[in-house]
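Spelled out, the chains give:
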Amino acid sequence: MNIPARKIMQRIDVLLHISEDSDRLTRTFASPAMSRANDLVGGWMREAGMETHVDTIGNLIGVYAGEQPDGKILVLGSHLDTVRNAGRFDGPLGVILAIACVEQLHERKTRLPFAIQVVGFADEEGVRYQTAYLGSRALTGTFNLKDLNRRDVNGISMRDAIRAFGGNPTKLNTAALDPQRVIGYLETHIEQGPILEQKNLSVGVVTAIAGQTRARVSFVGCAGHAGTTPMNMRRDALCGAAEFVVAVETFAKSIPGLVATVGEINAMPGASNVIPAESRVSIDVRHAEDSIRHSACVELKAKAEEIGSRRNLQVQVETGHEAPAVACSEKLSALLSEAVKQRQNKLIQLPSGAGHDAAIMAEITPSAMLFVRCKEGISHDPRESADLQDVRVALDVVNDFIQMLAQQA
Ligand code: HGY
Ligand code: MN
Ligand code: MN
């Protein structure tokens, strides 16, 4: 009985090796590695009886037709892009598990009152252009065309990256789903947190997805000779940034439910005997309540400016990405909860601190999420892991969920 779940785990292990880095898993938007991942996963979709294509922004789409050619659509999926030095489950679990559900229908030659569309989103993490959800923004018709002008660290614009990938940046609207045809979206994803493990449960139903703000803070001082410039005559940009990094942590610890992270920092010109003239830090701020997140961002900006004026540094804060907190669909989550109760002796409902494409899909259709226990809640790291038994429970729950929806159709 474990064969489909075992196959999911095997496929996750195969996909792990498609990376733009030789020694770790990194797959970023519109990269050659993403193209290879789309080819591999697209083949699995076709084996499961789906028609496949890659849309104009790079989402991998597999469609398992329903009984009616132009009937309604249930969308399942998650993302195929990763962070740098990623774990193997974050994203691919939701895509490959959805393919397994369709594969079982295909093997039984079963057609449903609706089509199933499985999506491997092109960019949920936002690593390359610092704005997440590019794929789901295109699929929901909510893409911000201004983002096409963004440049990556190599100066390549998003517009050119999409073209180089084989997409068409002038036709992003063609990727959009017709919301009238969509009955809902379900994403299966590792929890990326410790709750399910603490409760010793395989799966949980997500109630809401925290809102997030990503920004860049730059500190500009003055370069100088490390050996000849007295300490009291320096305008050291890196010291200002370093003071800000610690201030972010101290501030976030003081607000219940707030998380704030500086994941990137640099120093320019970047030589050991030169006082840094400029330092840029990334900042990622999240909270379940948007008003708390927004006021936290105001406080943190003021903190950066206070450090800047005290140290005679110029400070610039640029917000790169904003996504509101999103409640999951009560109706769909209630059905999902019924499916969980059939497979697990206890139902748990929990919020997501991590962002997910479900937050964007919720703008056009009822969206729900199923969390799967992951070891010690570790994610965004190669130590990320989920176990076969939990994946099997999740697969059974999603299969049951699909059948319950079909009976209601
Ligand atoms: O960063 C996140 O919340 C997610 O993993 N994209
Ligand atoms: Mn994810
Ligand atoms: Mn992630």
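Description of the structure in this document. (Residues numbered from 1 in each chain as written. Chains lettered and ligands numbered in written order. Predicted model: local features only at pLDDT ≥ 70, side-chain atom pairs only at ≥ 80, totals over all residues. Heavy atoms only, no water.)

Distances from the manganese ion (ligand 3) to its protein donors, namely D90 (OD), E125 (OE) and H380 (NE2), fall within the range 2.1 Å. A separation of 3.4 Å is found between the manganese ion (ligand 3) and the manganese ion (ligand 2), both of which receive a donor from D90. Of this pair, D90 sits in the loop between β3 (73-79) and α3 (92-107) while H380 sits in the loop between β15 (367-372) and α11 (388-408), and the two are 290 residues apart along the sequence. Here D90 falls in the buried class, since its relative accessible area comes to 3%. On the accessibility criterion, H380 (40% relative accessible area) is partly exposed. (Donors = N, O, S within 2.8 Å, 3.2 Å for Na, K, Ca; no water. Helix = DSSP H or I, 4+ residues; strand = E, 2+ residues; numbered from the N terminus. Buried < 20%, exposed > 50% of the residue type's maximum accessible area, 1.4 Å probe, protein only.)

The next point concerns the coordination of the manganese ion (ligand 2). Around the manganese ion (ligand 2), the protein contributes the donor atoms H79 (NE2), D90 (OD) and H189 (NE2), at 2.0 to 2.2 Å from the metal centre. Donor residues for the manganese ion (ligand 2) sit on one chain with the sequence pattern H-x10-D-x98-H.

Turning to the site of ligand 1, a few remarks are in order. In the region of ligand 1, the neighbouring residues are E124, E125, Q192, Q212, R214, R286, A354, G355 and H380. The contact in question runs from an oxygen atom of ligand 1 to an N or O atom on the side chain of H380, over 2.9 Å. The protein chains hide 94% of the 210 Å² of surface that ligand 1 would expose on its own. Grouping the amino acids of the shell around ligand 1 by side-chain chemistry returns one nonpolar, four polar and four charged. (Near = heavy atom within 4 Å. Polar contact = N/O pair within 3.5 Å; in protein donor to acceptor, adjacent residues only side chain to side chain. Areas by Shrake-Rupley, 256 points an atom, 1.4 Å probe, with all protein chains shown as cover. Nonpolar A, V, L, I, M, F, W, Y, C, P; charged D, E, K, R; others polar.)

Our focus in this paragraph is the side chain of S337. Note that S337 resides in helix α9 (residues 330-343). Looking at S337, its side chain comes within polar contact range of the side chain of Q349, at 3.3 Å. Excluding anything up to four places from it in sequence, S337 contacts V205, L347 and Q349. (Contact = heavy atoms within 4.5 Å.)

Rolled over the atoms, a probe with the dimensions of a water molecule shows which regions are left empty. Considering only enclosed or pocket space, the second largest pocket measures out at about 250 Å³ in volume. Lining the second largest pocket we find 18 residues, and of these V63, I73, Q117, L177 and R181 sit closest to its centre. Considering only residue class, the lining of the second largest pocket consists of 10 nonpolar, six polar and two charged. (1 Å grid on protein atoms, 1.4 Å probe; cavity = no way out; pocket = protein on both sides within 12 Å on 5 of 7 lines; lining within 4 Å. Points joined across faces, edges and corners; volume = space filled by probe spheres on them.)

Among the structural elements, S352 can be located in strand β14 (residues 349-352). Distance from S352 to I156, taken between C-alpha atoms, is 33 Å for residues 196 residues apart in sequence. Other than its neighbours up to four places away in sequence, S352 contacts V206, A208, I209, A210 and F371. For S352, the side chain forms a polar contact with the main-chain oxygen of A354, separated by 2.7 Å. In this structure the side chain of S352 is engaged in a polar contact, spanning 3.0 Å, whose partner is the side chain of H356.

What follows covers the packing of α3 against α11. Contact pair α3 / α11: the axes reach a minimum separation of 10 Å and the direction vectors enclose 55°. In terms of their interaxial angle, α3 and α11 are classed as oblique. Relative to α11, the crossing made by α3 is right-handed. Side by side, α3 and α11 meet where L93, L97, A100, C101, Q104 and L105 of the first sit next to V391, A394, L395, V398, N399, I402 and Q403 of the second. Classifying every residue of the contact of α3 with α11 by side-chain character gives 10 nonpolar, three polar and no charged. (Axes fitted to C-alpha atoms, helices over the stretch in contact; angles between N-to-C directions. Parallel < 35°, antiparallel > 145°, perpendicular 65-115°, else oblique. Left-handed = near helix turned anticlockwise from the far one by under 90°.)

To continue, consider the pairing of β15. The buried count for β15 comes to six of six residues, which makes it a mostly enclosed element. A two-sided burial pattern is seen for β15, the buried positions comprising S367, M369 and F371 on one face and A368, L370 and V372 on the other. Across six bridges, strand β5 (residues 182-190) lies against β15 in parallel orientation. Within β15, the position partnered with E187 by the bridge is M369. (Pairing = 2+ DSSP bridges.)

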